[in-house]
Amino acid sequence: MSLAHPAAVPKHRRSLPLRVGTRASPLALWQTRDFLERVTRFCPVLRDAKAFEEHQLITSGDRIQDRKLAEIGGKGLFAKEIHEALLDGRVDFAVHSLKDLETEMPPGIVLACTLKREDARDVLLPGPALAAADPGDPFSALPQGAVIGTSSVRRQSQLLHRRPDLNVVMFRGNVQTRLRKLAEGEAAATLLALAGLRRLGLEPAGSVPIDAEVMVPAAGQGIVGVTVRADDTELHELLSGIEDPEARAVSSAERALLAALDGSCRTPIGGHARVLADGRLRLTGLVARADGSFLLKRSEEGSAKDAIRLGSELGRALRRDSPADLFA
Ligand SMILES: NCc1[nH]cc(CCC(=O)O)c1CC(=O)O
């Protein structure tokens, strides 16, 4: 069956089904199935029930649940096995949370498209024992010494910088697991990505989104990215048809910032770009120490066409003005 569609007429025919690689968490599956629906809308020839085959892959990040990501080697762990399946030809493309993808793709793999961003903000979720947080100032509403569950050094550092009295405890596992721990009182509150909660329909009452310049999100947070083999030009062309140019611009700036900072995965780093009314980009970058004792945050504006340069330059400036040991 041919993949003919309005934007790209394929040069040759390939056989269906197309095999999509995905993690097996409820969020990953939601994102993958949502993506397939979008492709199908864009390319009606794929509306066949058998056009796609879902391959659920277990990654190292899924297997190791008892340690901080920062300690076990960071974000690449959610993608390594998926990249391998792609390079081995076991799958044809793969759907990822962009924030879990390393800034530089392994040789032979390209980021074929980035999808429209869901809300990039982190959200503060108070547990049952806590009154709803004050939307005006979510941090100061937390009681003295409160226990906050998170295993993200980025969230931890920003919290502790504002509230050194808080006690941060490790919270890992998928979104549902963390919500269960919160309900069982393992922490008074937790912080999660709003995007994941919203996609799963789990955005609880009383949760407070925190402005992205107050709690700087992770680069790529809220954006789904799709990878393909670099030599599969036909599929690359098809997938890039549903690219969201704004998501590409903001994520390019954020990921270039992250790459320029080249922190070890233990370094708390945040990056968030948005498009201003005049079409320019505003990028905010953050570097901190995990205990919050050092925190540097800066914003720059620039042309969306130069998103990568904007990110690299802000990243280099932040690096220059931070203690060298953060980048060991
Ligand atoms: N690290 C896990 C992860 N990867 C992507 C998301 C949320 C969805 C997104 O950012 O697109 C989450 C959960 C979280 O951080 O709360």
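Up top is the structure.
Note that the structure is predicted; figures quoted are calculated from it, not measured.

Turning our attention to the packing of aromatic side chains. Applying the stated rule across the entire model yields 2 aromatic pairs. A ring pair is formed by Phe52 and Phe93, whose centres lie 6.2 Å apart and whose planes are at 75°; its orientation type is edge-to-face. On the criterion of sequence distance, the pair formed by Phe52 in strand S2 (residues 52-57) and Phe93 in strand S3 (residues 93-97) is long-range, its members being 41 residues apart. Here the two residues Phe52 and Phe93 agree in accessibility, since each one is buried. The structure contains a cluster of three or more aromatic residues connected by ring pairs, namely Phe35, Phe52 and Phe93. It is Lys181 that lies over the ring of Phe171; its NZ or CZ is 5.6 Å from the centre.

Leu261, Leu283 and Leu318 are the most contacted members of the largest nonpolar core, which totals 33 residues. Looking at this core, the elements that each hand over two or more residues are helix H4 (80-87), strand S4 (109-114), helix H9 (245-261), strand S11 (269-275), strand S12 (281-288) and helix H10 (307-320). At 6 residues, H9 tops the list of elements feeding residues into this core. Residues from two domains meet in this core; each of domain 1 (15-115 + 223-243) and domain 3 (244-322) gives at least three. Ignoring sequence-local partners within four residues, the contact set of Leu261 consists of Ile269, Val287, Gly315, Leu318, Arg319 and Phe327. Among the nonpolar cores identified, the runner-up in size contains 21 residues, and Phe35, Val39, Leu235 and Leu238 belong to it.

What follows covers unusual backbone geometry. Of the consecutive residues Leu16 and Pro17, the connecting peptide bond is found in the cis state with omega at 5°. With respect to the secondary-structure elements, Pro17 resides in the segment before strand S1 (18-23).

This paragraph deals with the environment of Val287. In this fold, Val287 is placed in strand S12. Ignoring anything within four residues of it in the chain, the contact list for Val287 reads Leu261, Thr267, Pro268, Phe294, Leu295, Leu296, Leu318, Ser322, Leu326 and Phe327.

We now examine the pairing of strand S10 (residues 224-229). Of all the 6 residues making up S10, 6 are buried; the element is thus mostly covered by neighbouring parts of the structure. By the alternation rule, side chains of S10 split into Val224, Val226 and Val228 and Gly225, Thr227 and Arg229, which are all buried. The sheet contact formed by S3 and S10 spans 5 bridges and is antiparallel. The residue bridging Phe93 from the neighbouring strand is Val228, located in S10.

Further remarks concern the sheet that holds S2. Read across the open sheet, the 5 strands follow the order S2-S1-S3-S10-S4; overall the sheet is mixed. What marks the edges here is a single partner per strand, and that holds for S2 and S4. Here the strands of the sheet are splayed against their neighbours by 30° on average, with no regard to which way each runs. With 5 bridges joining them, S4 and S10 adopt antiparallel strand pairing. Bridge pairing in S10 places Val110 opposite Val228. Seen against the sheet, H4 touches S1, S2, S3, S4 and S10 and runs at an angle of roughly 165° to S3. Here helix H8 (residues 233-240) sits on the sheet and contacts S1, S3, S4 and S10; the angle it forms with S4, its principal contact strand, is near 20°.

Calculation notes
- Residues numbered from 1 in each chain as written.
- Predicted model: local features only at pLDDT ≥ 70, side-chain atom pairs only at ≥ 80, totals over all residues.
- Heavy atoms only, no water.
- Phe/Tyr/Trp six-rings, centres within 6.5 Å; stacked < 30°, edge-to-face > 60°.
- Helix = DSSP H or I, 4+ residues; strand = E, 2+ residues; numbered from the N terminus.
- Buried < 20%, exposed > 50% of the residue type's maximum accessible area, 1.4 Å probe, protein only.
- Lys NZ or Arg CZ within 6 Å of the ring centre and 35° of its normal.
- Core = buried A, V, L, I, M, F, W, Y, C linked by side-chain atoms within 4.5 Å.
- Domains from an automatic or database assignment.
- Contact = heavy atoms within 4.5 Å.
- Pairing = 2+ DSSP bridges.
- Axes fitted to C-alpha atoms, helices over the stretch in contact; angles between N-to-C directions.

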